[in-house]
There are 4 protein chains.
Amino acid sequence: MSHNNQLQENKKFDDKSIRARMLISCPDKAGIVAAVSQFLYEQGANIVQSDQYTMDPEGGMFFMRIEFDLQELEQRLQSLQEDFNRIADRFSMRWSIFRAARRKRIAIFVSKEDHCLTELLWQWQAGDLDAEISMVISNHDDMRSLVESFGIPYHHVPVTADTKAEAEQKQRELTSGKVDLIVLARYMQIVSPKFIEQYHNRIINIHHSFLPAFVGGKPYQQAYNRGVKLIGATAHYVTEELDGGPIIEQDIQRVTHRDDVTELKRIGRHIERIVLARAVKWHVEDRMLVYQNKTVAFV
Amino acid sequence: MSHNNQLQENKKFDDKSIRARMLISCPDKAGIVAAVSQFLYEQGANIVQSDQYTMDPEGGMFFMRIEFDLQELEQRLQSLQEDFNRIADRFSMRWSIFRAARRKRIAIFVSKEDHCLTELLWQWQAGDLDAEISMVISNHDDMRSLVESFGIPYHHVPVTADTKAEAEQKQRELTSGKVDLIVLARYMQIVSPKFIEQYHNRIINIHHSFLPAFVGGKPYQQAYNRGVKLIGATAHYVTEELDGGPIIEQDIQRVTHRDDVTELKRIGRHIERIVLARAVKWHVEDRMLVYQNKTVAFV
Amino acid sequence: MSHNNQLQENKKFDDKSIRARMLISCPDKAGIVAAVSQFLYEQGANIVQSDQYTMDPEGGMFFMRIEFDLQELEQRLQSLQEDFNRIADRFSMRWSIFRAARRKRIAIFVSKEDHCLTELLWQWQAGDLDAEISMVISNHDDMRSLVESFGIPYHHVPVTADTKAEAEQKQRELTSGKVDLIVLARYMQIVSPKFIEQYHNRIINIHHSFLPAFVGGKPYQQAYNRGVKLIGATAHYVTEELDGGPIIEQDIQRVTHRDDVTELKRIGRHIERIVLARAVKWHVEDRMLVYQNKTVAFV
Amino acid sequence: MSHNNQLQENKKFDDKSIRARMLISCPDKAGIVAAVSQFLYEQGANIVQSDQYTMDPEGGMFFMRIEFDLQELEQRLQSLQEDFNRIADRFSMRWSIFRAARRKRIAIFVSKEDHCLTELLWQWQAGDLDAEISMVISNHDDMRSLVESFGIPYHHVPVTADTKAEAEQKQRELTSGKVDLIVLARYMQIVSPKFIEQYHNRIINIHHSFLPAFVGGKPYQQAYNRGVKLIGATAHYVTEELDGGPIIEQDIQRVTHRDDVTELKRIGRHIERIVLARAVKWHVEDRMLVYQNKTVAFV
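Residues numbered from 1 in each chain as written. Chains lettered and ligands numbered in written order. Predicted model: local features only at pLDDT ≥ 70, side-chain atom pairs only at ≥ 80, totals over all residues. Heavy atoms only, no water.

## What to know about helix H9 (residues 261-284) of chain B
Residue and element names in this part refer to chain B.
Thinking step 1. Spanning 24 residues, H9 covers 34 Å between terminal C-alpha atoms, matching the ideal 34 Å at 1.5 Å per step.
Thinking step 2. Of all the bends found along H9, the most pronounced is centred on glycine 268 and spans about 25 degrees.
Thinking step 3. Burial analysis of H9 places 19 of its 24 residues in the buried class, which makes it a mostly covered element.
Thinking step 4. The first or second residue beyond H9 is aspartate 286, which carries a positive phi of 55 degrees. (Helix = DSSP H or I, 4+ residues; strand = E, 2+ residues; numbered from the N terminus. Expected span 1.5 Å × (residues − 1). Bend = angle between axes of the 7 residues up to and from the residue. Buried < 20%, exposed > 50% of the residue type's maximum accessible area, 1.4 Å probe, protein only.)

Set out below in structure tokens:
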């Protein structure tokens, strides 16, 4: 594969060096938009994109995403954040600012199925996934050469019933402080509550069904048995409840009585990779807010 | 509404008077297609459309749907059926022949929501639903004038906890021997096992979710609570298991976090009416076979 | 049909009496959002929804749609508009404010095909189309009883080669000052440049193809001849160029080699009515801005 | 990439060694299905799948695709074909029989965009594309390492205004007698009428628009200028008329006013690769018949 990725990235870096994204959630109240936009204006920022959502005009929650350009962003970010605290306090905001140029670092976890991993690598290489793929961790060694051909470190961390705790300790060492997002790209091992807590709303899983239908194992077999006319896939943040976390994205494809389980899996692979890639893209572009086990998706 | 429906029908009747549809299911075996097509050829029939499906080439079930044209069909049908018994016996077939000109008679059951009923009436009037709507039965009187404006009899059969058995008795009297298909177009009452048995695989219900997700009551509220990104509707044959019968058709529409329960219902109404209308259309065109709680849909 | 529409409307009216929608377009510049939101805050308004779009952060056009709630809106609207002129001048804005409670008045033009008209009437009756259908004008008398059964005035204005000018004069008299939007719901007559100019960006047409494919007459025949695998429909604002105006909405449906022209028309009718209904809904909810023969659709 | 492809293939080869596919087209007439199925039955074949299509029951064309299993297929194929000539003559059939185990050999032509090529390689490696990719030919050398990492020969055949004839001569030498299908996977050079004739209905091109909209160059720019709300891609057989050949498959994706040309291209790449991969899959599975510049697609 042509490794001219770096070049493209550098160009993009230049364009994006002054771009920031702000995510805000707080109880709704008059004056929020005015206060935030006035603040940004006074700082010299130009708002490029803005989305907002009010759950209920009477006393609901308010969510906002703003993209803005600001000269010398990197140098000025800290003081801008300190200044913004006044407004944040006034409206009891939870908020964050992200520099677009500071690309999120991803660790992809994978087992034996390679389609989701391949799609992510490919979109990354094409410049469609604006992130850094820092490493791939697998409980098998099968995909080492594929991954390393992209210049990405590959860590084989075998998992057995006996070595579970040890394996997770190893995973934690590899990722701690080095990645911003974990993507379970058809990783067939359970992740511990402790790990989930450490990466709260920062672990994305792809489940191969249209949740909440067919929770748990063998969803395509379940779908075949039930005789559904559409099959789907769901990307969600991982929580302690199996397949129960906030849904980021879902999609489906039409099937017929002619499609046996093997064919459902084949069709499903195409849905899974597209759905997971969209979810990861939206996350690294700071488009997702989580509230009460649901996502607000500014896409 | 323009009542020139009858005229159109007469014209169609002429065209379809020689058209028949045959549905066959039997254990798979070499020679079925040859035997059936040879038989039809010898009878002077011309095969216009043919679909088949083999569950498993090694010892599975075989399903077939054939449309053919035969001169003087009405007069010759009985002897053709008698002659076909030889072949049917040889392959242990379950089979039926339907004349296209003999339109299926439908009773639509409805409660207070009118969108599914309206869509069926409208497609029927446009000539898209090639059936006879024999009557509408409702536990409310709200839609009488709408239904009667189409020249269709309307029966108000109130249902209360106390009068359940009596009401069903009344429904049975109204429909017995007079209809071929019951369509539950958002009919919010439970139908008894006895009634289901009488109309085995001839009662179609529309459930306002993407089954098997959100079985039971208030599916849009359930969908809202779970934060799904697509909502759907499912048309299925009614069996004793609630929302558990063979699925005929499903479809979905994309939703976002902005859509509250009211909006989900609004969007859902459009999916429901389309999905139900498709399912009824396919049934009356003899395109559905049921096998082991799943449908073979030759569409 | 149940005529309890009025009741529903009154209830909605109450809820919406304080809701306004503002549409703005101007050259992009820092400070627009701050100025507008600060202005609304000082007026005591609460921003409920806000969308914006910048064509190009470097010197492009800026478009914005804001929904806000303001107590005593009706009484205060004029002074609010006068006060806003300061800001509008500063940024060279084109802008309008609409009260949600002041429902847009629609004249539907129709010929002999009733599916688009029926869908609009139905969505209107279900409360999904928040507008007033003031009249239906047709060059035929066929749909009078349908339309009048909804309590809507029906005007039969025949059009022949000789009476074209006269007919349009009649149409102009019927609509002038009485309607805000003209919907051509499969109206098969050409509308004059003068009429188009009078209702600039306020005439919506449904074209029965996926524009710009199959401009002009008999698009389903054209689609059949070309052997396309998807057919579509397009709702657009009418301009002098045939089928060339700004596109509001498009959708498609899959077809196969089995679908002859009659079947394409049948499938197409379902796409047409959905696409047109969406376009009309978005227009009456003040979601459309037109710029250089394209729409900015805040949907 | 894991090169266990060969192993999978061998397994599939075994299963498919007795499977054949037959494509037939002829003027419609009573008795065709009976004759063909009786013939196959007498030969000892078991029909596994059968599709047929009659353009017009009164004197139209008849098209058929049959999959059947026959023991010792490879040895018996020639005599079976000789015997079938009797029937073919009787009905004036054009027909072919293909062994499923004899995988079609593909030459992929590509220029600088790699997404279509990558998708084909990937689906091939996953076992979803049941063909042999015999070679990749490109007018650039960029994708050599990618292609060779799959173990596939890569031929760099530069094309300039001056060397056009010479280049095509080289391409002809490389492919002649060695490939069954040419796939233009975003190959940006014109193919000569002579070459098209040699591979009549065996060259598949992907055009990056929803044909017949936006024929010719820069379709995404054209789509942007027109302000369409959906963009598409079209896979078609190449004929002498630019972008005018029989359409195999099309699909679309929703876009908005926010999507500039770069974004349209990004979205379009996903449609293109899916549409092209489907078309190639259907072709190599002998599912396509061409008649009068249209395809009959038994999919």
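## Here we look at the interface of chain A and chain D
Thinking step 1. Residue-level contacts link 22 residues of chain A with 22 residues of chain D.
Thinking step 2. Seen at the junction of chain A and chain D, the total is 4 salt bridges.
Thinking step 3. There are 6 residue pairs in polar contact (both at pLDDT 80 or more) connecting chain A and chain D.
Thinking step 4. Top contributing element to the side of chain A that touches chain D by residue count: helix H9 (residues 261-284) of chain A, with 7 residues.
Thinking step 5. Taken together, the residues of the side of chain A that touches chain D break down into 5 nonpolar, 8 polar and 9 charged. (Contact = heavy atoms within 4.5 Å. Salt bridge = Lys/Arg side-chain N within 4 Å of Asp/Glu carboxyl O. Polar contact = N/O pair within 3.5 Å; in protein donor to acceptor, adjacent residues only side chain to side chain. Nonpolar A, V, L, I, M, F, W, Y, C, P; charged D, E, K, R; others polar.)

## Focus: the UniProt feature "active site" (unreviewed entry) in chain A
Thinking step 1. Per the UniProt record, "active site" (unreviewed entry) is found at A:Asp243.
Thinking step 2. Mapped onto the fold, A:Asp243 is located in the loop between strand E10 (230-237) and strand E11 (247-254).
Thinking step 3. Once residues lying within four places of it in the same chain are set aside, the contact partners of A:Asp243 are A:Asn205, A:His207, A:Leu211, A:Val215, A:Gly216, A:His236 and B:Arg226.
Thinking step 4. Among the polar contacts listed, one links the side chain of A:Asp243 to the side chain of A:His207, at a separation of 3.3 Å. (UniProt positions renumbered as here; feature names shortened; annotations may be inferred.)

## A look at the relation of the copies chain A and chain B
Between the two copies of this chain, the relationship is a rotation about some axis together with a displacement along it.
Thinking step 1. When chain A is fitted to chain B, the residual RMSD is 0.0 Å, and the transformation amounts to a turn of 180 degrees plus an axial shift of 0.0 Å. This pairing of chains is accounted for by a two-fold axis. Measuring from the rotation axis to each C-alpha of chain A, the shortest distance belongs to A:Ala213, at 2.3 Å.
Thinking step 2. When you check the interface residues of chain A against chain B, 100% turn up at the interface there too, and the contact is symmetric in its surfaces. (Least-squares fit on C-alpha atoms with pLDDT ≥ 70 in both.)

## Some points on the pattern of salt bridges
Thinking step 1. Taken as a whole and assessed by the stated rule, the structure comprises 104 salt bridges over all chains.
Thinking step 2. One continuous salt-bridge network, built from bridges that share partners, spans A:Arg19, A:Arg65, A:Glu67, A:Asp69, A:Lys281, A:Glu285 and A:Arg287.

## Digging into a nonpolar patch on the surface
Residue and element names in this part refer to chain A.
Thinking step 1. Judged by side-chain polarity, Ile190, Val215 and Leu242 come together as a nonpolar surface patch covering roughly 290 Å² of accessible area.
Thinking step 2. Note that leucine 242 resides in the loop between E10 and E11.
Thinking step 3. Overall, leucine 242 belongs to the exposed group, its relative accessible area being 52%. (Patch = residues over 30% accessible without salt bridge, like charges linked within 9 Å, V, L, I, M, F, W, Y side chains within 5 Å. Areas by Shrake-Rupley, 256 points an atom, 1.4 Å probe, with all protein chains shown as cover.)

## So, the relation of the copies chain A and chain D
Thinking step 1. Rotating chain A by 180 degrees about the axis while translating it 0.0 Å along that axis superimposes it on chain D, leaving an RMSD of 0.0 Å.
Thinking step 2. When you check the interface residues of chain A against chain D, 100% turn up at the interface there too, and the contact is symmetric in its surfaces.

## Quick word on unusual backbone geometry
The phi angle of most residues is negative, glycine excepted, and most peptide bonds adopt the trans form.
Thinking step 1. A cis amide bond, omega 5 degrees, links B:Leu211 with the succeeding residue B:Pro212.
Thinking step 2. Within the secondary structure, B:Pro212 is located in the loop between strand E9 (203-207) and helix H8 (219-226).
Thinking step 3. With phi around 55 degrees, A:Asp286 is a residue other than glycine that occupies positive phi space.
Thinking step 4. Tracing the backbone through its elements, the reader meets A:Asp286 in the loop between H9 and strand E12 (288-291).

## Section: the pairing of strand E6 (residues 132-138) of chain A
All names here are of chain A.
Thinking step 1. Of all 7 residues in E6, 6 are buried, a share of seventy percent or more.
Thinking step 2. Pairing between strand E5 (residues 105-110) and E6: 6 bridges, direction parallel. If you follow isoleucine 106 over to E6, its bridge partner there is isoleucine 133.
Thinking step 3. The β-α-β motif built from E5, the intervening helix H4 (residues 115-125) and the parallel element E6 has right-handed crossover chirality.
Thinking step 4. Pairing analysis gives 3 bridges linking E6 to strand E7 (residues 154-156), with the strands arranged parallel. Within E7, the residue paired with serine 138 across the bridge is histidine 156. (Pairing = 2+ DSSP bridges. Right-handed = clockwise from strand over helix to strand, strands pointing away.)

## Overview of the side chain of B:Gln49
Thinking step 1. Relative to the elements of secondary structure, B:Gln49 occurs in strand E2 (residues 46-54).
Thinking step 2. Judged by relative accessible area, B:Gln49 falls into the buried class, the value being 12%.
Thinking step 3. Among the polar contacts made by the side chain of B:Gln49, one reaches the side chain of B:Asp51 at a distance of 3.2 Å.
Thinking step 4. Among residues more than four places away in sequence, those in contact with B:Gln49 are B:Arg65, B:Ile66, B:Glu67, C:Arg258 and D:Gln52.

## Comments concerning the confidence of the model for chain A
Thinking step 1. Of the residues in chain A, 95% have a pLDDT of 70 or more, and the chain-wide mean is 93.
Thinking step 2. Per-residue pLDDT stays below 50 along residues 1-14 of chain A; that stretch engages in 18 contacts with residues further than four places along the chain or on separate chains. (pLDDT = per-residue confidence, 0-100.)

## Describing the sheet that holds E5(A)
Residue and element names in this part refer to chain A.
Thinking step 1. Strand order in the open sheet made by the 7 strands is E7-E6-E5-E8-E9-E10-E11, with mixed pairing throughout. Of all the strands in the sheet, the pair left with one neighbour each is E7 and E11. The average undirected angle you get between the axes of adjacent strands in this sheet is 20 degrees.
Thinking step 2. With 4 bridges joining them, E5 and strand E8 (residues 181-184) adopt parallel strand pairing. (Axes fitted to C-alpha atoms, helices over the stretch in contact; angles between N-to-C directions.)

## Some details on the packing of helix H2 (residues 32-43) of chain D against helix H3 (residues 73-91) of chain D
Helices that pack against each other are described as a pair by the angle of their axes relative to one another and the distance between those axes.
Residue and element names in this part refer to chain D.
Thinking step 1. Packing of H2 against H3 brings their axes to within 11 Å, and their N-to-C directions diverge by 160 degrees. For the element pair H2 / H3, the angle class is roughly antiparallel. In the packing of H2 onto H3, the handedness of the crossing is right-handed. Two secondary-structure elements touch here, H2 through Ile32, Ala35, Val36, Phe39 and Gln43 and H3 through Arg76, Leu80, Asp83, Phe84, Arg86, Ile87, Arg90 and Phe91. (Parallel < 35°, antiparallel > 145°, perpendicular 65-115°, else oblique. Left-handed = near helix turned anticlockwise from the far one by under 90°.)

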